[in-house]
Amino acid sequence: MSLVGLTLGCGQKKPEAVIRYDVSEEFQPYIDEYERVAASEGRDVTITNLIVGFGPTPSLMHTAICEVTEGQPPKIVVNRSVWTRLTSTGHKVVMFHELGHCHLRRVHRNEFVSGTAVPVSLMYQFRVGDSTYHSHEEDFNNELFSRYSEF
Ligand SMILES: [Zn+2]
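Helices and strands together make up the secondary structure of the protein, namely 6 helices and 4 strands. The helix and strand sequence of the protein, counted from the amino end, reads α-β-α-β-β-β-α-α-α-α. Seen through its C-alpha atoms, the protein measures out along the principal axes to roughly 60 × 35 × 25 Å. In the protein, of all internal contacts separated by at least 6 residues, the share reaching a separation of at least 24 is 58%.

See below:
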């Protein structure tokens, strides 16, 4: 306790950033898949600083949220009652979207493929449907890793 006080009391620099990896086992397969897709898109990604777990979201419209706080591990909070109603494709879409925020630091992208109702990006503000994802999987995965550090 006194050590912590001393460290913080020096005031010369910010407290050390906390690095922590704490992902519930039901989410881990989607992290693995994200890393595999990243590799196929030419990006060597190993996620070492992330918290993923069930918890409250602002509404049932929000399957999950990403919280980014300076000095803290990025945190994905998933609404259990929405999650349990989704297919494994839905789970992947949700986790890739949230990792887009929490890992790639991407913001929403709400454009559509010209002349269609198909979003150009998994960073679309609403969850991309399973059949839409399957029909355009390559494009979505390619687009996801094409941008980063947007905030
Ligand atoms: Zn989002």
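All right, on to unusual backbone geometry then. With phi around 60°, Arg105 is a residue other than glycine that occupies positive phi space. Examined against the element boundaries, Arg105 turns out to sit in the loop between helix 4 (88-102) and helix 5 (130-135). Arg105 gets classed as partly exposed once you count the C-beta atoms within 10 Å, which come to 15.

As a further point, take helix 2 (residues 28-40). The end-to-end C-alpha separation of helix 2 is 19 Å, in line with the 18 Å expected for 13 residues at 1.5 Å each. Along helix 2, the residues that are buried comprise Tyr30, Ile31, Tyr34 and Ala38. One side of helix 2 holds all its buried residues, which, seen down the axis, span an arc of 105°. Helix 2 presents Gln28, Asp32, Arg36 and Ser40 as exposed residues on the side facing more than 90 degrees away from its buried surface. In the core, the buried residues of helix 2 are packed alongside strand 1 (21-23) and helix 4. Where helix 2 terminates, the next one or two residues include Gly42, which has phi positive at roughly 85°.

This part is about the nonpolar core. Among the nonpolar cores identified, the biggest contains 23 residues, and Tyr34, Met95, Phe96, Leu99 and Leu122 are the most heavily contacted of them. Counting residues per element, the ones that place at least two in this core are helix 2, strand 2 (50-54), strand 4 (75-78), helix 4 and helix 6 (137-144). Looking at which element gives the most residues to this core, the answer is helix 4, with 6 residues. With sequence-adjacent residues up to four places away left out, Phe96 is seen in contact with Tyr34, Leu122 and Leu144.

Turning our attention to helix 4. Over its 15 residues, helix 4 runs 20 Å from end to end, which matches the ideal 21 Å to within 8%, given 1.5 Å per residue. Burial analysis of helix 4 places 12 of its 15 residues in the buried class, which makes it a mostly covered element. Taken together, the buried positions of helix 4 are occupied by His91, Lys92, Val93, Val94, Met95, Phe96, His97, Glu98, Leu99, Gly100, His101 and Cys102.

Turning next to the pairing of strand 2. Where a strand is regular, its side chains alternate between the two sheet faces. Inspection of the sheet shows strand 1 paired to strand 2 by 3 bridges, in the parallel sense. Across the sheet, Asp22 pairs through a bridge with Ile51, a residue of strand 2. The handedness of the strand 1 to strand 2 crossover, carried by helix 2, is left-handed. Where strand 2 meets strand 4, 4 bridges bridge the pair, whose relative direction is parallel. Paired with Val52 across the two strands is Ile76, which belongs to strand 4.

Now for the environment of Tyr133. Locating Tyr133 in the fold gives a position in helix 5. C-beta crowding within 10 Å serves as the criterion here: with 19 such atoms nearby, Tyr133 is assigned to the partly exposed category. Sequence separation of Tyr133 and Ser121 is 12 residues, and the distance between their C-alpha atoms is 9.9 Å. The contact partners of Tyr133, leaving out residues within four places of it in the chain, are Thr89, Val93, Val128 and Phe140.

How each quantity is defined
- Residues numbered from 1 in each chain as written.
- Predicted model: local features only at pLDDT ≥ 70, side-chain atom pairs only at ≥ 80, totals over all residues.
- Helix = DSSP H or I, 4+ residues; strand = E, 2+ residues; numbered from the N terminus.
- Contact = placed C-beta atoms within 7 Å.
- Buried ≥ 20, exposed ≤ 12 C-beta atoms within 10 Å, placed from the backbone.
- Expected span 1.5 Å × (residues − 1).
- Arc of directions from axis to C-beta.
- Core = buried A, V, L, I, M, F, W, Y, C linked by C-beta atoms within 7 Å.
- Pairing = 2+ DSSP bridges.
- Right-handed = clockwise from strand over helix to strand, strands pointing away.

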